[in-house]
Amino acid sequence: MSKTQRQPPKEAHDAPRQISLSIEDAPVKMDPPFPGHHDCESVGHPRSKAFSVQVFSPIAPSAICTFEFSVLYSLRSTQLPLNSLQHSVLPLVLARSELSTSHSPLLPCAALTLALAHHGVLACENPPVPSSLDPLLTPEGSRLLADLEAEAFSPSDPLAAGEALRKRGIETRLANAVLTQLDLRRRARTKFGEDAGSLFFTRDGLEQATRKIVSERRARRYRDAGATSIADLGCGIGSDSLAFAKEDLAVLAVDLDEDAASAARLNLAAHPTAQVRRANVLDLDIPSLAHSGIDALFADPARRTGAQGGSARIMDPESWSPPLSLVLSWREAIPRVGVKVAPGIAHEALPADARVEWTSVDASLVEAAIWTGPLALEGAGRSAVVIKGNEVFVLAEKGPANALRVPAPLGPLGAFIAEPDDAVIRSGLIHRLAEETSSTLVSESIAYLSADTPLLSPFLSCFEVEDVVALKPKMISSALRSLGVGRVEVKKRGADIDPAALRKSLKLKGDGEAVVFATRVAGRHRAIIARRRRS
């Protein structure tokens, strides 16, 4: 960038006092007051003014990023995209320790705070707080992380790796932050594939983050429902927001946790129509969001007690934060509301006119979600979504989402037994699966289906029955030894046993494998010994 390109245009009518700061090779000039604006009046804060920050970024040489600040009691901020100088503003991305845009380097907010304090600004809304990602936001941290990522650096001994980095002159806090991020990226590959290597994570954020294939499917639902601008409330590290942005939706991502908001800000940096706001979702004015152009909401209420409460699951939807009833009330202002809920939610707690989905990925139940208004593309009802690899299978039924479960028919134990996917069980669609596979339940209220022919469906796992004995360890051991079974998996439904203890009590020899179903058959406790059929 040339020196003349770096210079902001001169204002003929004013030559105000300026503060110039050089931050990470990005000079910042602050000109109070912003041309065309006047001093603001605020009760109890008579020194409030309007400000402008112009950022000249070396990685966007032809662009100027302008930030406007109207300071009352707290900081109210808006952002102009780097490629625009017009005043159609978007929400400012204001971090705890940096000011960032979609294309500019990260600018430490400490300098911004100092500059504002020079003009009498003493406080701001959601003030900066420390984050575990802070060391990675420096030029040194960014380079080190990129270099080690390129080297596929994956130390088997974190302590030794940390010591090696410190011997290279890397200070302890930075070394620990980089090694932690590399470890989280390695773990994240099961959810995000190769994309994990370019994303930023926190430990809690990774655990709670939506898998890539699920978030992509969700984003397409919003697109197909006609959404153009979405608020992701409780965005975490921004995995859903990223999928929304890739579908060309404008995104406002909101989270109160500083580490999560920082990670989201970094993960969304390549998308100029995505902004991150650190705020409490409960403090948001939803009608105001609608007035600003937001036409869709996605909420992920907190469903755990937090560290001080033992991080226990909260089962009552009205004890979530925000409560489910509050989230659903937002439909009055913005009809397109989606909300991620606990998979174990009672059906009677669901809105009758919604489409509710339970989703499993590779046999693991990962979430349930409620879709309202235009988002209920299939109409009201319940669905089981089973994802295997890159294939998606849907078992659905129309009707009120809060309708009572329909019982599946009972029948005798046949030559094959099947275990429905948890998404099918939780959605209450076992009767639909039984109808599709011409199978019956082996016992009332027990989610095992059976038939005399193999049950072929992506919504279940099928096993061939080898033997049925009393649910007693000695009898089970004897039957397994006669079959040459040396390795066994124990499943249970409707039986009060400890699968691990039962497995440990079995004295087995042999090379074969089998599955023991501890359950009830025609109302009596039995052990069904079966072999898994490979699809």
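That block above? That's the structure.
All values reported here derive from a predicted model rather than from experimental measurement. (Residues numbered from 1 in each chain as written. Predicted model: local features only at pLDDT ≥ 70, side-chain atom pairs only at ≥ 80, totals over all residues. Heavy atoms only, no water.)

A. Quick look at the nonpolar core. Core analysis: the biggest nonpolar cluster contains 52 residues, and Leu233, Leu297 and Trp330 have the highest contact counts within it. Two domains each put at least three residues into this core: domain 2 (206-305 + 318-398) and domain 3 (416-532). Other than its neighbours up to four places away in sequence, Leu297 contacts Tyr222, Ile230, Ala231, Leu233, Ile286, Trp330, Ile334, Arg336, Val337 and Gly338. Counting residues in hydrophobic clusters, the runner-up holds 50 residues, among them Leu148, Ala263, Ala274 and Ala296. (Core = buried A, V, L, I, M, F, W, Y, C linked by side-chain atoms within 4.5 Å. Buried < 20%, exposed > 50% of the residue type's maximum accessible area, 1.4 Å probe, protein only. Domains from an automatic or database assignment. Contact = heavy atoms within 4.5 Å.)

B. Examining the pairing of strand S23 (residues 512-521) more closely. With eight of ten residues buried, S23 lies mostly within the body of the structure. Taking the sense of rotation as the criterion, the β-α-β connection linking strand S22 (residues 485-492), helix H15 (residues 499-505) and S23 turns out left-handed. Pairing of S23 with strand S24 (residues 524-532) involves seven bridges; the strand directions are antiparallel. Counterpart to Arg520 in the pairing with S24 is His525. The antiparallel pairing of S23 with S24 creates a hairpin that spans two residues between the two strands, and Ala522 there sits at a positive phi of about 55°. (Helix = DSSP H or I, 4+ residues; strand = E, 2+ residues; numbered from the N terminus. Right-handed = clockwise from strand over helix to strand, strands pointing away. Pairing = 2+ DSSP bridges.)

C. Layout of the pairing of strand S10 (residues 250-255). The element S10 is extensively covered by neighbouring structure, given that five of its six residues are classed as buried. By the bridge criterion, five bridges tie strand S9 (residues 229-233) to S10 in an arrangement that is parallel. If you follow Leu233 over to S10, its bridge partner there is Val254. For the crossover from S9 across helix H8 (residues 239-246) to S10, the handedness is right-handed. On the question of chirality, the crossover connecting S10 to the parallel strand S11 (residues 274-278) by way of helix H9 (residues 258-267) is right-handed.

D. Just the packing of aromatic side chains, in detail. Per the counting criterion, the structure on display carries eight aromatic pairs. Centre to centre, the rings of Phe192 and Phe201 are 5.5 Å apart; their planes meet at 50°, and the pair counts as tilted. For the ring pair Tyr222 and Trp371, a centre distance of 5.8 Å and an interplane angle of 85° mean the geometry is edge-to-face. In this pair, Tyr222 is assigned in helix H7 (residues 212-224) and Trp371 in strand S15 (residues 364-371), connecting sequence segments 149 residues apart. Residue class for Tyr222 comes out buried when judged on its relative accessible area of 0%. (Phe/Tyr/Trp six-rings, centres within 6.5 Å; stacked < 30°, edge-to-face > 60°.)

E. Region of interest: the sheet that holds S10. The strand order S11-S10-S9-S12-S13-S15-S14-S16-S17 describes an open sheet built from nine strands, whose pairing is mixed. Sheet topology places S11 and strand S17 (391-398) at the edges, where each strand pairs with a single neighbour. Direction aside, neighbouring strands of the sheet carry axes that sit 15° apart on average. As paired strands, S9 and strand S12 (residues 296-299) are joined by four bridges and run parallel to one another. Looking at the pairing, Leu233 lines up with Ala299 of S12. Against the sheet, H9 engages S10 and S11, with an angle of about 170° to S11. (Axes fitted to C-alpha atoms, helices over the stretch in contact; angles between N-to-C directions.)

F. Structural detail: the packing of H7 against H8. Their axes nearest at 8 Å, the elements H7 and H8 cross at an angle of 50°. On the basis of their axis angle, the class for H7 and H8 is oblique. The element H7 and its partner H8 pack so that their crossing is right-handed. Across the interface between the two elements, Ser215, Glu216, Arg218, Ala219 and Tyr222 of H7 pack against Ser239, Asp240, Ala243 and Phe244 of H8. (Parallel < 35°, antiparallel > 145°, perpendicular 65-115°, else oblique. Left-handed = near helix turned anticlockwise from the far one by under 90°.)

G. Quick look at the sheet that holds S22. The strand order across the open sheet built from seven strands is S19-S20-S18-S21-S24-S23-S22, with neighbouring strands paired in mixed fashion. Edge positions in the sheet fall to strand S19 (440-441) and S22, since each of these pairs with one other strand and no more. Pairing of strand S18 (residues 416-420) with strand S20 (residues 449-451) involves three bridges; the strand directions are antiparallel. The partner of Ala418 across the bridge, within S20, is Leu449. Most of the contacts of helix H14 (residues 473-482) go to strand S21 (residues 460-470), to which it runs at about 115°, and overall it touches S21, S22, S23 and S24.

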